[in-house]
Every structure is written in C-alpha cells, then in structure tokens.
Amino acid sequence: MTAIPMEHGLLVAAVLFMLGLIGLLVRRNIIFMLLSIEIMLNAAGLAFVVAGARWAQVEGQIMFMFILAMAAAEVAVGLALVLLMYRKFKTLDSDQVSRMRG
Amino acid sequence: MAVIFYISSAVAILSTVMVITRMNAVHALLYLIVSLLSVAVIFFTLGAPFIAALEVIIYAGAIMVLFVFVMMMLNMGTKAAEQERKWINPRMYVGPAILAAILGVELVYMLASGSNRAAGFEMIGPKAVGISLYSSYIIGLELAGMLLLAGLVGAFHLGRQDKD
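Residues numbered from 1 in each chain as written. Chains lettered and ligands numbered in written order. Predicted model: local features only at pLDDT ≥ 70, side-chain atom pairs only at ≥ 80, totals over all residues. Heavy atoms only, no water.

### Some words on the overall build of chain A
In step 1: Scanning chain A for helices and strands turns up three helices and zero strands.
In step 2: When the helices and strands of chain A are read in sequence order from the N terminus, they spell out α-α-α.
In step 3: What you see for chain A is a C-alpha radius of gyration of 17 Å, clearly larger than the 13 Å of a compact globule of 102 residues, by over 25%.
In step 4: The principal-axis extents of the C-alpha atoms in chain A amount to approximately 60 × 25 × 25 Å. (Helix = DSSP H or I, 4+ residues; strand = E, 2+ residues; numbered from the N terminus. Rg over C-alpha atoms; globule rule 2.2 N^0.38 Å.)

### So, the overall build of chain B
In step 1: On a plain count of helices and strands, chain B comes out with seven helices and zero strands.
In step 2: Counting helices and strands in the order they occur from the N terminus, chain B gives α-α-α-α-α-α-α.
In step 3: Across the 164 residues in chain B, those meeting the buried criterion constitute 38%.
In step 4: If you take every contact in chain B between residues at least 6 apart in sequence, the share linking residues at least 24 apart comes to 71%.
In step 5: For chain B, the exposed surface amounts to about 9,200 Å²; the carbon and sulfur share of it is 72%. (Buried < 20%, exposed > 50% of the residue type's maximum accessible area, 1.4 Å probe, protein only. Contact = heavy atoms within 4.5 Å. Areas by Shrake-Rupley, 256 points an atom, 1.4 Å probe, with all protein chains shown as cover.)

### Describing the environment of Glu-55 of chain B
In step 1: Among the structural elements, Glu-55 of chain B can be located in helix α3 (residues 49-74).
In step 2: What makes Glu-55 of chain B buried here is its relative accessible area of 0%.
In step 3: The sequence separation of Glu-55 of chain B and Leu-37 of chain B amounts to 18 residues, and the corresponding C-alpha distance is 7.5 Å.
In step 4: The contacts of Glu-55 of chain B, once residues within four sequence positions are left out, are Asn-42 and Phe-64 of chain A together with Leu-36, Val-39, Ala-40, Phe-43 and Ala-60 of chain B.

### Describing the interface of chain A and chain B
Accessible area lost when the parts come together is the quantity often used to give the size of an interface.
In step 1: If you look at the interface, chain A gives 57 residues, while chain B gives 61 residues.
In step 2: The contact between chain A and chain B buries some 5,300 Å² in all, and 81% of this surface belongs to carbon and sulfur atoms.
In step 3: Between chain A and chain B we count zero salt bridges in total.
In step 4: Viewed at the interface, chain B and chain A are joined by six residue pairs in polar contact (both at pLDDT 80 or more). (Buried area = accessible area lost by both parts, 1.4 Å probe. Salt bridge = Lys/Arg side-chain N within 4 Å of Asp/Glu carboxyl O. Polar contact = N/O pair within 3.5 Å; in protein donor to acceptor, adjacent residues only side chain to side chain.)

### Focus on empty space enclosed by the protein
In step 1: On inspection of all chains with the given rule, the structure shows one cavity of 30 Å³ or more.
In step 2: Roughly 40 Å³ of internal volume is contained in the largest cavity.
In step 3: What lines the largest cavity is simply Leu-16, Ile-39, Asn-42 and Ala-43 of chain A together with Leu-32, Ser-35 and Leu-36 of chain B.
In step 4: Put simply, the parts of the chain that give the lining of the largest cavity at least two residues each are α2 (30-54) of chain A together with α2 (25-45) of chain B. (1 Å grid on protein atoms, 1.4 Å probe; cavity = no way out; pocket = protein on both sides within 12 Å on 5 of 7 lines; lining within 4 Å. Points joined across faces, edges and corners; volume = space filled by probe spheres on them.)

### Quick notes on a nonpolar patch on the surface
In step 1: Side chains of Phe-17, Met-18, Ile-22, Leu-25 and Val-26 of chain A sit close together on the surface and give an oily, nonpolar patch of about 470 Å² of accessible area.
In step 2: For Val-26 of chain A, the position within the fold is in helix α1 (residues 6-26). (Patch = residues over 30% accessible without salt bridge, like charges linked within 9 Å, V, L, I, M, F, W, Y side chains within 5 Å.)

### Examining the packing of aromatic side chains
In step 1: By the definition in use, this model includes two aromatic pairs over all chains.
In step 2: Between Phe-64 of chain A and Phe-43 of chain B the ring centres are 5.1 Å apart and the planes differ by 75°, which places this aromatic pair in the edge-to-face class. In this pair, Phe-64 of chain A sits in helix α3 (residues 59-89) while Phe-43 of chain B sits in helix α2, so the two residues belong to two different chains.
In step 3: With a relative accessible area of 0%, Phe-64 of chain A lands in the buried category.
In step 4: A ring pair is formed by Phe-5 of chain B and Tyr-6 of chain B, whose centres lie 5.2 Å apart and whose planes are at 80°; its orientation type is edge-to-face.
In step 5: Directly above the ring of Phe-32 of chain A sits Arg-27 of chain A, whose terminal nitrogen or CZ lies 3.9 Å from the centroid.
In step 6: Across from the ring centre of Tyr-86 of chain A, 5.8 Å away, lies the NZ or CZ of Lys-90 of chain A, which sits over that ring. (Phe/Tyr/Trp six-rings, centres within 6.5 Å; stacked < 30°, edge-to-face > 60°. Lys NZ or Arg CZ within 6 Å of the ring centre and 35° of its normal.)

### Looking at the environment of Arg-101 of chain A
In step 1: For Arg-101 of chain A, the position within the fold is in the segment after α3.
In step 2: As a C-alpha pair, Arg-101 of chain A and Met-40 of chain A span 61 residues in sequence and 31 Å in three-dimensional space.

### Observations regarding the packing of helix α1 (residues 2-21) of chain B against helix α5 (residues 94-113) of chain B
Between two packed helices, the angle of one axis relative to the other and the distance separating the axes together describe the packing.
Residues and elements named next belong to chain B.
In step 1: Running from N to C, α1 and α5 cross one another at 165°; their axes reach a closest spacing of 10 Å. The angle between the axes of α1 and α5 places the two elements in the roughly antiparallel class. Considering the relative orientation of α1 and α5, their crossing is left-handed. The segment α1 lies against α5, with Ile-4, Ile-7, Ser-8, Val-11, Leu-14 and Ser-15 engaging Leu-99, Ile-102, Leu-103, Glu-106, Tyr-109 and Met-110.
In step 2: Class assignment of the residues belonging to the contact of α1 with α5 gives a composition of nine nonpolar, two polar and one charged. (Axes fitted to C-alpha atoms, helices over the stretch in contact; angles between N-to-C directions. Parallel < 35°, antiparallel > 145°, perpendicular 65-115°, else oblique. Left-handed = near helix turned anticlockwise from the far one by under 90°. Nonpolar A, V, L, I, M, F, W, Y, C, P; charged D, E, K, R; others polar.)

Structure representation (structure tokens):
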C-alpha cells in the first residue's frame, strides 16, 4: 500500500484546470464556456483537497465546500443569463453579442 | 488504492478532453458527468469520503440537472423531434458508458477488497469536517448561505418573463 505523492494529485488538478482554460478560450458557444468554467472550479477544488489530505487537515475539504456553493450560485445566474441572451438575440454565439449598446 | 487513483485520474483527463472537443452540448454534458464522477473517486482515494459524496450529489446531480434543463429549454424548436431521434443513437452514449464502466469496476473492486483506507494519507471523515465547519468557519458558512440566496434572487430576476 504505497502513498500517492502530493505532486501527482496537484498535476491532475493542473491538467484539468488547463483543459478547462483551453475550452474557455477556444469555444465560442456560451454553454461550453460555462461548462469549462465548471471544470476549472472543480480542478481548483481538487487542488485544495489534495493539499488538505497531504497535511491531514480539514481546511482543504472546507474550502472545497465553499467553492461548491460558489459554483452553484454562479451556474444559476449564468444559465439565467444564457436564457435571457437566447430569448433576446436568438443565438448562443458569444461573439455575436460582444458589442455593448448604451 | 494508489492504482485506483491513477486509473480514475486517467478517466478524468480523458473525459474532460472529450468535453471540450464535442460539438453537441448534450454529448459534452454526458462526458462532464463522467469526469465529475471520476474526480469523486479521486476524492475517495485521497481520504475525503464526505467530499466525494458531495461531488456526486451536488456537482454531478444538481448542477448538471440545471444544465440539462436549460439545454432542453433552448432546443424547443421545429427540429426538436429529429434531434431527439439523433440523440437516441447508441453511438453517442457508448463512450461515456465505457468510461463509467471503468469507474464501476473500480468501485466493485474497492468494496470487494474491503480496504477502504486512504492511499497513504489519513482519512478525514465527515465528523471532523462538520465540527470545524460549524466552529472555526461559521462566518464563511453564513457568507456562503448569503451568496446562495443572492444567486437565487438574481436567477429569478433574470429568468422572469416580461409581460409587455
């Protein structure tokens, strides 16, 4: 029963975060951008839990719960904005609504 | 336990790559659910069973259901029927099903071997997390509650249909 080095857990978190960032930068569909933000938040939480497990402290898990609450609030508001955008512009392309008016 | 950590890490990275390369949003959502489930297995191997349960219940359950609802609301058009026929095509769910089957085999292996101790680290159970959350971090907990209330009010305000 060998121990997992902390670096491997952090490496997985970093790879997941980079995949989320690449998805956010590459995709123009706003649903995919929201999904990429979820991936990035999840990867940040994974890094917290790995660090908390390394030093056997509960703080990592508590920070993950805060991230979870934040992600839930963010996705509720974000999806409401997506619905509003689709109702008003009939598109999900974030490039087509990039111009501000006012 | 260490080998389970590495297998589920590979599943997580593979399914996340599939998420950001899919063209159809529902396919991407299926892969994202598999990715979240494999991260839950990683949490379990790291000795955080409570967080693993929260990941499955809230992330893969509640938040993904929100995404599915919004996608179904957006797709109410004339071509909804043929799109539905295309979604039932088995080719779309065979990939997520294989990855989920890997996770299921891991789960059965862990239950059968009976060694549910963390891989090298200490197991931190829900009791320690709860005691710390409701004593040292009570302010943060209340702030998280206010944030959720603000998100609820904001989503309701934005999603309201104007009558005029």
